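# Examining the three-dimensional arrangement
Residues per chain are reported as follows:
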Amino acid sequence: MTVWDDLVGQTRVQEQLAAAAKDADALVTAVSDGKPLDQGSKMTHAWLFTGPPGSGRSTAARAFAAALQCTSPDRALGGAPGCGFCDGCHTSLIGTHADVQIIRTDLLSIGVKETRDLVRRAQLSPAVGRWQVIVMEDADRLTEGAGNVLLKAVEEPAPRTVWMLCAPSLEDVLPTIRSRCRHLTLSTPPVEAVADVLIRRDGVDPERAHSAARATQGHIGRARRLATDERARARRAAVLKVPLRVADVGGCLKAAQELIDTATDDAKQMAEEVDVKETEDLKAALGGVAGGRMPRGTAGAMKELEDKQKRRKTRTQRDSLDLALTELTGFYRDVLALQLGSKIAIANVDVQDSLDRIAESSTPAQTLRRIESVIACRDAMDRNVAPLLAVEAMTMALRAG
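All of the points below concern the structure found in this document. (Residues numbered from 1 in each chain as written. Predicted model: local features only at pLDDT ≥ 70, side-chain atom pairs only at ≥ 80, totals over all residues. Heavy atoms only, no water.)

## Side note on the overall build of the protein chain
Rules: Helical segments are the DSSP runs of H or I of at least four residues, strand segments are the runs of E of at least two, and each set is numbered from the N terminus. Radius of gyration here is computed from C-alpha atoms only, and the compact-globule reference equals 2.2 Å multiplied by the residue count raised to the power 0.38. Relative accessible area decides the class of each residue, using a 1.4 Å probe on protein chains only: under 20% of the type maximum gives buried, over 50% gives exposed, and in between gives partly exposed. We call two residues in contact whenever any of their non-hydrogen atoms come within 4.5 Å of each other. For the charge count, each Lys or Arg is scored as positive and each Asp or Glu as negative, with His and the chain ends excluded. To locate a charge, take NZ of a lysine, CZ of an arginine, CG of an aspartate or CD of a glutamate.
For the protein chain, the count of helices and strands is 15 helices and 5 strands. Its C-alpha atoms give the protein chain a radius of gyration of 24 Å, near enough to 21 Å, the size a compact globule of 401 residues would have. Overall size of the protein chain, expressed as C-alpha extent along the three principal axes, is 75 × 60 × 40 Å. Classification of the 401 residues of the protein chain by burial places 44% in the buried group. Of the contacts made within the protein chain by residues no fewer than 6 positions apart, 72% connect residues no fewer than 24 positions apart. Taken together, the 54 basic and 54 acidic charged side chains of the protein chain have centroids lying 3 Å from each other.

This is the structure we're talking about:
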């Protein structure tokens with residue numbers, strides 16, 4: 001098993017990264033031996049991975065990081081880096097390699113302070129590996145100030161440092177940063193490829209794997225969760241009933257409230273799993289005693305943790321709502337396909353009766369307006385409109401058609 005095995009349906013990107021990893025290996029060897037550098041090398045110091053959600057941006061970046069740190073002896077015999085078995089590959093993939101920093105945020109944004117810490121780390125030489133690699137999975141969440149801090153590091157990189165930025169599109173990254181990165185675009189993997197991964201790697205029943213892959217339209221992470229989590233399947237089933245529940249104003253308001261409540265419950269569940277442990281660990285680190293008062297001077301650290309947990313809860317709630325809106329968009333996309341007689345595959349075949357009812361009782365123009373109302377709801381929440389108001393406006397618009 002190589003480091004590329006989890007990169008589903010991205011043959012062209014895999015070939016580019018494998019070639020760059022081979023050139024990077026030759027580059028390090030040349031520097032060590034005092035030989036001249038190859039000016040035609042496919043390796044560079046900054047990479048930008050873009051693609052739709054679920055395409056595997058962070059998976060590609062992690063696989064590339066592992067290939068750069070590969071220590072397989074086969075390389076000396078002409079083998080390609082990225083064996084997947086050596087210590088360099090293994091620790092990079094599981095996130096424990098000393099020279100591979102994986103940055104992901106469960107908050108709404110990445111600020112200046114965190115970015116400055118990364119830039120300082122990027123100036124260090126590799127401790128045990130061949131490269132100092134920094135993978136930023138949510139580069140689209142950099143604030144403008146944080147982006148400007150990062151720009152300096154990308155403009156003047158340390159000799160053995162590699163930046164890997166992941167974002168949904170080029171427009172989500174500052175123009176000054178993306179102009180200094182090598183750009184790789186990933187596509188949505190085929191449904192069959194996603195189902196095959198679920199069967200082969202996660203041991204999912206073939207029928208359920210194909211159903212989950214089809215329902216999520218090739219989104220690997222969502223497909224895995226849908227195939228393995230009963231709660232996720234129940235939540236999706238509830239969301240797909242919304243189009244049939246907005247026949248009157250009362251139904252609209254009730255459906256909106258239930259969507260908000262579900263998202264709130266998701267955030268609460270995550271808080272119960274993470275916040276308590278975080279708080280107890282910090283108290284112990286600051287010298288607190290179980291059941292007793294905290295030492296003087298620690299209130300600021302505790303307040304900072306509480307603020308972080310509050311921002312994470314908001315992010316979790318919005319992510320849950322965004323997933324529900326994505327599923328609603330997919331539902332109406334199927335309705336429109338039925339109305340127009342399109343031959344594209346229906347994603348939500350498990351609710352075919354509901355699709356037929358909505359398709360027969362409305363027009364394509366109404367369906368398009370409903371899709372626009374879902375998109376408008378997402379835009380409103382991006383502008384920090386109160387989630388309940390945004391969702392209520394959407395459900396009323398779904399009723400009006």
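## Things to note about the pattern of salt bridges
For the record, the criterion: The working definition used for a salt bridge is a side-chain nitrogen of Lys or Arg within 4 Å of a carboxyl oxygen of Asp or Glu.
In this structure the tally under the stated criterion is 16 salt bridges. The residue D117 makes a salt bridge to R120 at a minimum N-O spacing of 2.3 Å. In this pair, D117 and R120 both sit in helix α4 (residues 112–122), 3 residues apart, roughly one turn of the helix. The partly exposed category is assigned to D117, whose relative accessible area is 37%. Salt-bridge contacts for R333 lead to D334; the nearest nitrogen and oxygen are separated by 2.7 Å.

## Details of the packing of helix α11 (residues 249–285) against helix α15 (residues 387–400)
Using the following cut-off: With axes taken as lines fitted to C-alpha atoms, and helix axes fitted only over the stretch in contact, angles between N-to-C directions fall between 0 and 180 degrees. Any angle between 65 and 115 degrees counts as roughly perpendicular, while under 35 counts as roughly parallel, over 145 as roughly antiparallel, and the rest as oblique. Take the far helix as your reference; a near helix turned counterclockwise from it by less than a right angle gives a left-handed crossing, and one turned clockwise gives a right-handed crossing. Just so you know the grouping, Ala, Val, Leu, Ile, Met, Phe, Trp, Tyr, Cys and Pro go in nonpolar, Asp, Glu, Lys and Arg go in charged, and all remaining residues, Gly too, go in polar.
Put simply, α11 and α15 touch, their axes get as near as 9 Å, and they point 140° apart. On the basis of their axis angle, the class for α11 and α15 is oblique. In the packing of α11 onto α15, the handedness of the crossing is right-handed. Listed contacts from α15 to V249, C252, L253, A256, Q257, L259 and I260 of α11 are P387, L388, V391, E392, M394, T395, M396 and R399. Along the lines of polarity and charge, the residues of the contact of α11 with α15 split into 11 nonpolar, 2 polar and 2 charged.

## Some details on a nonpolar patch on the surface
Note the cut-off: Residues enter a patch when their relative accessible area is above 30% and they make no salt bridge; the linking distance is 9 Å between like charges and 5 Å between nonpolar side chains (Val, Leu, Ile, Met, Phe, Trp, Tyr). Here, Shrake-Rupley sampling with a 1.4 Å probe gives the accessible areas, and only protein chains in the shown set may cover a residue.
A surface patch of nonpolar side chains, amounting to about 210 Å² of accessible area, comprises V249, L253 and M396. Within the secondary structure, M396 sits in helix α15. For M396, a relative accessible area of 31% gives the class partly exposed.

## Section: the nonpolar core
How we decide: We call a set of buried Ala, Val, Leu, Ile, Met, Phe, Trp, Tyr and Cys residues a nonpolar core when their side-chain atoms join them within 4.5 Å.
Judged by nonpolar contacts, the single largest core of 34 residues is most densely connected at L17, W47, F49, F64, L68 and M164. The biggest single contributor to this core is helix α2 (residues 57–68), with 8 residues. Residue contacts for F64: discarding those within four places in its chain leaves W4, L17, A20, A21, M43, W47, F49 and M164. By size, the runner-up hydrophobic cluster in this structure holds 32 residues, among which are V239, V246, I260 and V391.

## Regarding the pairing of strand β2 (residues 100–103)
To be explicit about the condition: For two strands to count as paired, DSSP must find a minimum of two bridges between them. Viewed with both strands pointing away, a crossover whose connecting path from the first strand over the helix to the second turns clockwise is right-handed.
Two elements, β2 and strand β3 (residues 132–136), share 4 bridges in a ladder whose sense is parallel. When the bridges of β3 are listed, I103 appears paired with M136. Following the chain from β2 across α4 to the adjacent parallel β3, one finds a crossover that is right-handed.

## A look at unusual backbone geometry
Phi at Q217 is positive, roughly 55°, even though this residue is not glycine. Within the secondary structure, Q217 is located in the loop between α8 (206–215) and α9 (220–228). Not every positive phi belongs to a glycine, and N384 is a case in point at roughly 70°.

## Here we look at the environment of H219
How we decide: Distance and chemistry together define a polar contact, namely a pair of N or O atoms within 3.5 Å, with one atom able to donate a hydrogen and the other to accept it when in protein, and with adjacent residues in sequence counting only for side-chain atoms on both sides.
Among the structural elements, H219 can be located in the loop between α8 and α9. Along the backbone, H219 and V194 are 25 residues apart, and their C-alpha atoms lie at a distance of 7.8 Å. Setting aside chain neighbours within four positions, we find H219 in contact with P53 and G54. Within the local environment of H219, its side chain forms a polar contact with the backbone nitrogen of G54, the two atoms lying 3.3 Å apart.

## Description of the side chain of D138
When you line up the elements, D138 lands in the loop between β3 and α5 (144–155). The buried charged residue D138 lacks any salt bridge, with R141 as its nearest oppositely charged partner at 4.3 Å. Contact partners of D138, with chain neighbours within four places excluded, come to I103, R104, T105, I110, C166 and R315.

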